[in-house]
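Read off the chains here:
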Amino acid sequence: MLPETEINRVLAVTAHPDDIDFGAAGSVALFVDRGVEVTYLLVTDGDAGGNERTLDNSGMAELRRAEQLAAAKAVGITDVRFLGYPDGQVTVSLGLRRDIARVIRQIRPDLVITHHPDRNYQHVAPSHPDHRAVGGATLDAVYPDARNPYAFPELVKEEGLEAWTVREVWLNGGPAPDHWVDITETMDRKLAALQSHVSQISHREDFTEFVRTRFAAWAEQAGLGEGHYAEGFQVVTTA
Ligand SMILES: [Zn+2]
């Protein structure tokens, strides 16, 4: 694994508003505390989300972008980018790979955080098709697209974006996490980030308890002991 001192820039690529906050906001807050620059890249605006279930979901995209900006601010992130793909229809297309490779070359991150591309048979929620597609496209963008100057040559020719090699990827939501981050000291900020997604959680009175219970269970699985919270990732060396 990359030593902490060699992680100076991080790019998190997720499908929907709130994914990063569920999966990694505690770890992101720890990075921010260490002075690491973190950028969020959201592939969709989450326009098929929400719980009102009126057929007219217009305005949802704008609302969810605003909620994600507020959530990012709660952990100290201001660089949040949206690709605007339609929610629920993401596939591993060449266009998506190019769009992610472009941002990788712009940001030049040491570490990329994204969804696990495989289906998780223990928990169904992390395996939303958009999540798997974004995880797969992001891994393809990391290797080979972003580092190969001959992949999407227009990125060099028209936008001046030179090839960049990402050295490590952390995958979220997979069946076999092998790296646990103790987020006890940033748990309150993770909760604040999650609570920014009002359109998604306002129907759940037990939301705070639900989140605390889940991340405490992972701390237990990680052997961190009582009173701790943890986020889990599968680490992939990509350089
Ligand atoms: Zn999602």
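Presented here is a report on the structure given in the accompanying data block.

Rules of the game
Residues numbered from 1 in each chain as written. Predicted model: local features only at pLDDT ≥ 70, side-chain atom pairs only at ≥ 80, totals over all residues. Heavy atoms only, no water. Donors = N, O, S within 2.8 Å, 3.2 Å for Na, K, Ca; no water. Tetrahedral: all angles 85-135°; square planar, octahedral: opposite > 155°, others 65-115°. Helix = DSSP H or I, 4+ residues; strand = E, 2+ residues; numbered from the N terminus. Buried < 20%, exposed > 50% of the residue type's maximum accessible area, 1.4 Å probe, protein only. Pairing = 2+ DSSP bridges. Expected span 1.5 Å × (residues − 1). Arc of directions from axis to C-beta. Contact = heavy atoms within 4.5 Å. Axes fitted to C-alpha atoms, helices over the stretch in contact; angles between N-to-C directions. Parallel < 35°, antiparallel > 145°, perpendicular 65-115°, else oblique. Left-handed = near helix turned anticlockwise from the far one by under 90°. Nonpolar A, V, L, I, M, F, W, Y, C, P; charged D, E, K, R; others polar. Phe/Tyr/Trp six-rings, centres within 6.5 Å; stacked < 30°, edge-to-face > 60°.

This brings us to the coordination of the zinc ion. The expected angle between donors at a tetrahedral four-coordinate metal is 109.5 degrees. At an octahedral six-coordinate metal it is 90 or 180 degrees. Protein coordination at the zinc ion: the donors are His16 (ND1), Asp19 (OD), Asp19 (OD) and His131 (NE2), at 2.0 to 2.7 Å from the metal. With four donor atoms in place around the zinc ion and angles of 53 to 129° between them, the coordination shape is irregular. Counting along the primary sequence, the residues that act as donors to the zinc ion give the motif H-x2-D-x111-H. Here aspartate 19, found in helix H1 (residues 19-33), pairs with histidine 131, found in helix H4 (residues 129-145); they are 112 residues apart in sequence, far enough to count as distant. The exposure class assigned to aspartate 19 is buried, which follows from its relative accessible area of 11%. By relative accessible area, which is 9% here, histidine 131 ends up buried.

A few words now on the pairing of strand S6 (residues 179-182). Side chains His179 and Val181 project from S6 onto a buried face, and the interleaved Trp180 and Asp182 project onto a face without burial. Bridge analysis of S6 against strand S7 (residues 230-237) gives four bridges, and the strand direction is antiparallel. Pairing of histidine 179 across the sheet is with phenylalanine 233, part of S7.

Here helix H8 (residues 207-221) contains 15 residues, and its C-alpha end-to-end distance of 21 Å stays within 8% of the 21 Å for a straight helix at 1.5 Å per residue. By the burial criterion, the buried members of H8 are Phe207, Val211, Phe215 and Ala219. With its buried residues spanning 105° around the axis, H8 presents them on a single face. Residues of H8 that are exposed and angled more than 90 degrees away from the buried face: Glu220 and Gln221. Taken together, the buried residues of H8 touch H1, helix H6 (187-195), helix H7 (198-201) and S7. Trailing H8 by a residue or two, glycine 223 shows a phi angle of about 75°, which is positive.

Turning our eyes to something else, we now look at the packing of H1 against H6. It is at 9 Å that the axes of H1 and H6 come closest, and there the two elements cross at 130°. One finds that H1 runs oblique with respect to H6. The handedness of the crossing between H1 and H6 comes out as right-handed. Contact residues: Asp21, Phe22, Gly23, Ala24, Ala25, Gly26, Ala29 and Asp33 in H1; Arg189, Lys190, Ala193 and Leu194 in H6. For the contact of H1 with H6, the residue count by class is six nonpolar, two polar and four charged.

With that out of the way, let us pick up the packing of aromatic side chains. Counted according to the given criterion, the structure contains six aromatic pairs. Ring geometry for phenylalanine 31 and tryptophan 170: centres 5.7 Å apart, planes at 40°, overall tilted. With phenylalanine 31 in helix H1 and tryptophan 170 in strand S5 (residues 168-172), this residue pair connects regions lying 139 residues apart in the sequence. Note on accessibility: phenylalanine 31 and tryptophan 170 belong to one class, buried. Ring centres 5.1 Å apart and planes at 40° place the aromatic pair tryptophan 170 and phenylalanine 233 in the tilted group. Separated by 63 residues along the polypeptide, tryptophan 170 in strand S5 and phenylalanine 233 in strand S7 bring together distant segments of the chain. Each member of the pair, tryptophan 170 as well as phenylalanine 233, carries the same accessibility label: buried.

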